[in-house]
There are 2 protein chains.
Amino acid sequence: MKRVLALLKNIPANEIPVGAIIVKDGEIIASAHNLKETLNDVTAHAEILAIREAERRLANWRLEGCELYVNLEPCPMCATAIINSRISAVYFGSYDTQFGALGSAMDMRKIYNSQLKVYGGIMENECDEILKRYFARMRGENA
Amino acid sequence: MKRVLALLKNIPANEIPVGAIIVKDGEIIASAHNLKETLNDVTAHAEILAIREAERRLANWRLEGCELYVNLEPCPMCATAIINSRISAVYFGSYDTQFGALGSAMDMRKIYNSQLKVYGGIMENECDEILKRYFARMRGENA
């Protein structure tokens, strides 16, 4: 998760600070941060970009045995992509009670009858703080 | 919807036959069919590819005033991307009781408190027939 947070140091100021890393056999095979505004692409969430990079690298859409680390609970779009890619485990930082689709707002695993393992709240305070600072800045408050 | 079905004439035989078209002011601004197997990209559903194409063309991730036509009810990944892109209406053909996320298996509009308009069952018989033939072929049956 420290590596995920390190990714966010270089994220453009107008992007919601979310980063994702995919690990296979102890090696990082893909990493990305949110680029929705920069790319004008509503699908360019960190998790989607990392999954596409890992699949390119392995020349396979099946990411069995891979683990994904992300600082915020995935939204329904990303949770579906994660499940369909057959990633084996997700480790996330902050819970998202509004849109989180791996247990908070809903649990996408139920729709897909998925065995995906999910571990939430990893370095939760640090992850919460980063998002809180971003949203305070967006509202024009002192962070 | 006839134009969507025409897209499927050229789809590779191993891809689930789903196509999508995005229309703005009466003009087709993007069209795509499923390319998951071809691209080795679990996110390469017809709707996602069409949304990304439309956003590139408009240089904007906001697709307000656009309508999306697709022969199968969108999955949760695609429904989320559609809602987040602010597309105004979706017209789909076949209902998907297993994974359809615009009313059948779930309704993603509830999570996002979305005003997206949804019209299902457009040319439903023709759309059902195309999917039925594909799955029969995949099972090795005569179609």
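Data block above holds the structure.
Keep in mind it's a predicted model, so treat the numbers as computed, not measured.

Asker: I keep staring at the overall build of chain A and nothing clicks. Help me out?
Answerer: Helix and strand counts for chain A stand at six helices and five strands. The order of α-helices and β-strands along chain A, N terminus first, is α-β-β-α-α-β-α-β-α-β-α. Its C-alpha radius of gyration of 14 Å places chain A within 12% of the 15 Å reference for a compact globule of 143 residues. Counting the 143 residues in chain A, one finds 54% classified as buried. For chain A, restricting intrachain contacts to residue pairs at least 6 apart in sequence, the fraction spanning at least 24 positions comes to 57%. In chain A, 17 side chains carry a positive charge and 18 a negative one; their mean positions are 3 Å apart.

Asker: What's the story with the sheet that holds strand 4 (residues 89-94) of chain A in this structure? I'm lost.
Answerer: Within a beta sheet, neighbouring strands are joined by backbone hydrogen bonds and run either parallel or antiparallel to one another. Residues and elements named next belong to chain A. The five strands are arranged 2-1-3-4-5 in an open sheet whose pairing can be described as mixed. Pairing within the sheet leaves two strands with one partner each, and these edge strands are strand 2 (27-33) and strand 5 (117-119). Going across the sheet, the axis of each strand differs from the next one's by a mean of 15°, ignoring polarity. In this sheet, strand 3 (residues 66-72) lies alongside strand 1 (residues 19-24) in antiparallel orientation, the contact comprising five bridges. For Val 23, the partnering residue across the bridge sits in strand 3 and is Glu 67.

Asker: Got a minute to help me understand the packing of aromatic side chains in this structure?
Answerer: What describes a pair of aromatic rings is the distance from one ring centre to the other and the angle between the planes of the rings. Residues and elements named next belong to chain A. Evaluation of the coordinates by the stated rule reveals ten aromatic pairs over all chains. Taken together, a centroid distance of 5.1 Å and an interplanar angle of 85° make the contact between Phe 92 and Tyr 95 edge-to-face. Assessed through its relative accessible area of 41%, Tyr 95 is described here as partly exposed. Put simply, the rings of Tyr 69, Tyr 91 and Tyr 119 touch in pairs and so form one group of aromatic residues.

Asker: So what exactly am I meant to see when it comes to the interface of chain A and chain B here?
Answerer: Accessible area lost upon the coming together of the parts serves often as the stated size of an interface. Counting residues at the interface gives 28 residues for chain A and 28 residues for chain B. Interface of chain A and chain B: buried area, both sides summed, is about 2400 Å²; carbon and sulfur atoms make up 64% of it. Its largest share of buried area at the contact with chain B, chain A owes to Asn 40, Val 42 and Trp 61 of chain A, together 26% of the area lost on that side. Between the two partners, chain A and chain B, sit two salt bridges. The shortest N-O distance in the salt bridge between Arg 52 of chain B and Asp 41 of chain A comes to 3.0 Å. Taken together, chain A and chain B are joined by ten residue pairs in polar contact (both at pLDDT 80 or more). Elements supplying a minimum of two residues to the side of chain A that touches chain B: helix 2 (36-39), helix 3 (46-58), helix 4 (76-84) and helix 5 (108-112) of chain A. No other element matches the five residues that helix 4 of chain A contributes to the side of chain A that touches chain B. Of the residues assigned to the side of chain A that touches chain B, the class counts are 15 nonpolar, seven polar and six charged.

Asker: So what exactly am I meant to see when it comes to the sheet that holds strand 3 (residues 66-72) of chain B here?
Answerer: Residue and element names in this part refer to chain B. Across the sheet, which stays open at both edges, the five strands sit in the order 2-1-3-4-5 with mixed pairing between neighbours. In the strand order of this sheet, the two ends are held by strand 2 (27-33) and strand 5 (117-119), each with one partner. The mean inter-strand angle of the sheet, taken between neighbouring strand axes irrespective of direction, is 15°. With six bridges connecting them, strand 1 (residues 19-24) and strand 2 associate as antiparallel partners. For Gly 19, the partnering residue across the bridge sits in strand 2 and is His 33. Against the sheet, helix 3 (residues 46-58) contacts strand 1, strand 2 and strand 3, and its axis sits at roughly 140° relative to strand 2.

Asker: Sorry if this is basic, but what is going on with the nonpolar core here?
Answerer: Buried together is how nonpolar side chains tend to be arranged in soluble globular proteins. Ile 22, Ile 51 and Ile 87 of chain A together with Ile 22, Ile 51 and Ile 87 of chain B are the most contacted members of the largest nonpolar core, which totals 76 residues. If we skip the residues at most four places from it in the chain, Ile 87 of chain B touches Ile 22, Ile 51, Leu 63, Cys 66, Glu 67, Leu 68, Ile 82 and Leu 116 of chain B.

Asker: What am I meant to see in the side chain of Ser 85 of chain A here?
Answerer: With respect to the secondary-structure elements, Ser 85 of chain A resides in the loop between helix 4 and strand 4. What Ser 85 of chain A contacts, discounting residues up to four positions off in sequence, is Ile 51, Glu 55, Trp 61, Arg 62, Leu 63 and Glu 64 of chain A together with Val 42 of chain B.

Asker: It is not clear to me how the relation of the copies chain A and chain B should be interpreted in this structure. Could you clarify?
Answerer: Turning one copy of the chain about an axis and sliding it along that axis gives the other copy, so a rotation and a shift relate them. For the pair chain A and chain B, the best superposition has an RMSD of 0.0 Å and corresponds to a rotation of 180° with a translation of 0.0 Å parallel to the axis. This pairing of chains is accounted for by a two-fold axis. Distance from the rotation axis, computed per C-alpha, reaches its smallest value in chain A at Met 77 of chain A: 1.9 Å. Both copies present the same face, since 100% of the interface residues in chain A are matched by interface residues at the equivalent positions in chain B.

About the cut-offs
- Residues numbered from 1 in each chain as written.
- Chains lettered and ligands numbered in written order.
- Predicted model: local features only at pLDDT ≥ 70, side-chain atom pairs only at ≥ 80, totals over all residues.
- Heavy atoms only, no water.
- Helix = DSSP H or I, 4+ residues; strand = E, 2+ residues; numbered from the N terminus.
- Rg over C-alpha atoms; globule rule 2.2 N^0.38 Å.
- Buried < 20%, exposed > 50% of the residue type's maximum accessible area, 1.4 Å probe, protein only.
- Contact = heavy atoms within 4.5 Å.
- Lys, Arg positive; Asp, Glu negative; His and termini not counted.
- Charge placed at Lys NZ, Arg CZ, Asp CG, Glu CD.
- Pairing = 2+ DSSP bridges.
- Axes fitted to C-alpha atoms, helices over the stretch in contact; angles between N-to-C directions.
- Phe/Tyr/Trp six-rings, centres within 6.5 Å; stacked < 30°, edge-to-face > 60°.
- Buried area = accessible area lost by both parts, 1.4 Å probe.
- Salt bridge = Lys/Arg side-chain N within 4 Å of Asp/Glu carboxyl O.
- Polar contact = N/O pair within 3.5 Å; in protein donor to acceptor, adjacent residues only side chain to side chain.
- Nonpolar A, V, L, I, M, F, W, Y, C, P; charged D, E, K, R; others polar.
- Core = buried A, V, L, I, M, F, W, Y, C linked by side-chain atoms within 4.5 Å.
- Least-squares fit on C-alpha atoms with pLDDT ≥ 70 in both.

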